[in-house]
2 protein chains.
Amino acid sequence: MQIPVKSADAVGKIVRASRKAQNIRQDDAAGSIGVSENFLGKIERGGESVQWGKLFQVLDGLGIRVVLDVPESVADHISQQHKSQAKS
Amino acid sequence: MQIPVKSADAVGKIVRASRKAQNIRQDDAAGSIGVSENFLGKIERGGESVQWGKLFQVLDGLGIRVVLDVPESVADHISQQHKSQAKS
DNA sequence: TAGAAATCCTCACAATCATGAGGATTTCAC
DNA sequence: GTGAAATCCTCATGATTGTGAGGATTTCTA
């Protein structure tokens, strides 16, 4: 199921729900993902001042996929970037 | 169009493509979003060690929507969290 | 309700980050 | 190819973050 993220802090609820759906404790999840329990707790409580790379690590570790929704015109630009790179 | 984010650094290309699709310069976009040009440049180059809250600000400012994809079981847990909160 | 378990919170600390300035490098229209 | 414009990179600085430890508080099962 796809859940739109309306605000930076909204990720927390989804992370916690994911963890609980898998019946994992915070400290166990943190351990297997490779972050501190403190950090995972902060994310779940809606912390915004967390490092994106580590947040992504947590999302990935809990099987949460991240999707960015953009207009078609943007997708075109991504293709162009790829093409211009291939030229050089 | 929905673009799956496979790695934390993949966000950068999408951010840059979005900005260019709107024909905005880096410093202008940064200014109107409320972050430094340096920061926006870092994101676009794939920086992972950026603050999630500020990254979300940039995504929002460029009209990029964030979506999290989870199993239905997780969605159920989110509803439960909401219900248990309503009880107390 | 009791109490064990889970989570939250504070602390200290070393590492790191966002900013703004300024110069180096790259891009791209002509 | 040229050169103006855009972007990248480094620096210094004050602010901030992730970690681990330990205690406070909350949760939830029996």
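As the structure is a computational prediction, the values presented were derived from the model and not from experiment. (Residues numbered from 1 in each chain as written. Chains lettered and ligands numbered in written order. Predicted model: local features only at pLDDT ≥ 70, side-chain atom pairs only at ≥ 80, totals over all residues. Heavy atoms only, no water.)

Engineer: Tell me about the protein's contact with DNA strand D, residues and numbers included.
Structural biologist: Around DNA strand D sit 18 residues, and of these Ser 36, Asn 38, Ser 49 and Gln 51 of chain A together with Arg 16 of chain B come closest. Considering DNA strand D, the proportion of its atoms within 4 Å of the protein that are sugar or phosphate atoms stands at 75%. With respect to DNA strand D, the side chain of Arg 16 of chain B contributes an N or O atom lying 2.3 Å from a phosphate oxygen. Gln 26 of chain B places a polar side-chain atom, nitrogen or oxygen, 2.8 Å from a phosphate oxygen of DNA strand D. Counting only elements with at least two residues in the surface near DNA strand D, the list comes to helix H3 (37-44) of chain A together with helix H1 (11-21) and helix H3 (37-44) of chain B. Its residues placed into classes, the surface near DNA strand D shows three nonpolar, eight polar and seven charged. (Near = heavy atom within 4 Å. Polar contact = N/O pair within 3.5 Å; in protein donor to acceptor, adjacent residues only side chain to side chain. Helix = DSSP H or I, 4+ residues; strand = E, 2+ residues; numbered from the N terminus. Nonpolar A, V, L, I, M, F, W, Y, C, P; charged D, E, K, R; others polar.)

Engineer: Summarise the protein's contact with DNA strand C; cite the residues concerned and give the values.
Structural biologist: Around DNA strand C sit 18 residues in total, of which Arg 16 and Gln 26 of chain A together with Ser 36, Ser 49 and Gln 51 of chain B are the nearest. Taken together, the sugar and phosphate atoms account for 74% of what DNA strand C places within 4 Å of the protein. Arg 19 of chain A has a polar side-chain atom sitting 2.8 Å from a phosphate oxygen of DNA strand C. One nitrogen or oxygen atom from the side chain of Gln 26 of chain A is found 2.8 Å from a phosphate oxygen belonging to DNA strand C. For the surface near DNA strand C, a count of residues per class yields three nonpolar, eight polar and seven charged.

Engineer: Before we move on, could you go through the environment of Leu 55 of chain A and cite the residues and values that matter?
Structural biologist: Residue and element names in this part refer to chain A. Checked against the element boundaries, Leu 55 lands in helix H4 (residues 52-61). With relative accessibility at 1%, the residue Leu 55 sits in the buried group. For Leu 55 and Phe 39, which are 16 residues apart along the polypeptide, the C-alpha to C-alpha distance reads 9.1 Å. (Buried < 20%, exposed > 50% of the residue type's maximum accessible area, 1.4 Å probe, protein only.)

Engineer: Any details on the interface of chain A and chain B? Residues and values, ideally.
Structural biologist: Taken residue by residue, the interface counts 43 residues in chain A and 43 residues in chain B. Summed over both partners, the interface of chain A with chain B buries about 4100 Å², with 64% contributed by carbon and sulfur atoms. Across the contact surface, chain A and chain B share zero salt bridges. Where chain A meets chain B, there are 16 residue pairs in polar contact (both at pLDDT 80 or more). Broken down by secondary-structure element, the contributors of at least two residues to the side of chain A that touches chain B are strand E1 (2-5), helix H1 (11-21), H4, strand E2 (65-69) and helix H5 (72-87) of chain A. In this structure, E1 of chain A lies alongside strand E2 (residues 65-69) of chain B, joined through four bridges in antiparallel fashion. Note on E2 of chain B: the bridge partner recorded for Gln 2 of chain A is Asp 69 of chain B. (Contact = heavy atoms within 4.5 Å. Buried area = accessible area lost by both parts, 1.4 Å probe. Salt bridge = Lys/Arg side-chain N within 4 Å of Asp/Glu carboxyl O. Pairing = 2+ DSSP bridges.)

Engineer: Describe the packing of aromatic side chains, listing the residues and the values that go with them.
Structural biologist: The tally for this structure, following the rule as stated, stands at three aromatic pairs over all chains. Pairing Trp 52 of chain A with Phe 56 of chain A gives two aromatic rings, centres 5.6 Å apart and planes at 65°, and the pair type is edge-to-face. With Trp 52 of chain A and Phe 56 of chain A both in helix H4 and four residues apart, this pair spans about one turn of that helix. According to the relative accessible area criterion, Phe 56 of chain A is buried, its value standing at 8%. Taking the centre distance of 5.4 Å and the plane angle of 25° together, the rings of Trp 52 of chain A and Trp 52 of chain B count as stacked. With Trp 52 of chain A in helix H4 and Trp 52 of chain B in helix H4 (residues 52-61), this residue pair bridges two chains. (Phe/Tyr/Trp six-rings, centres within 6.5 Å; stacked < 30°, edge-to-face > 60°.)

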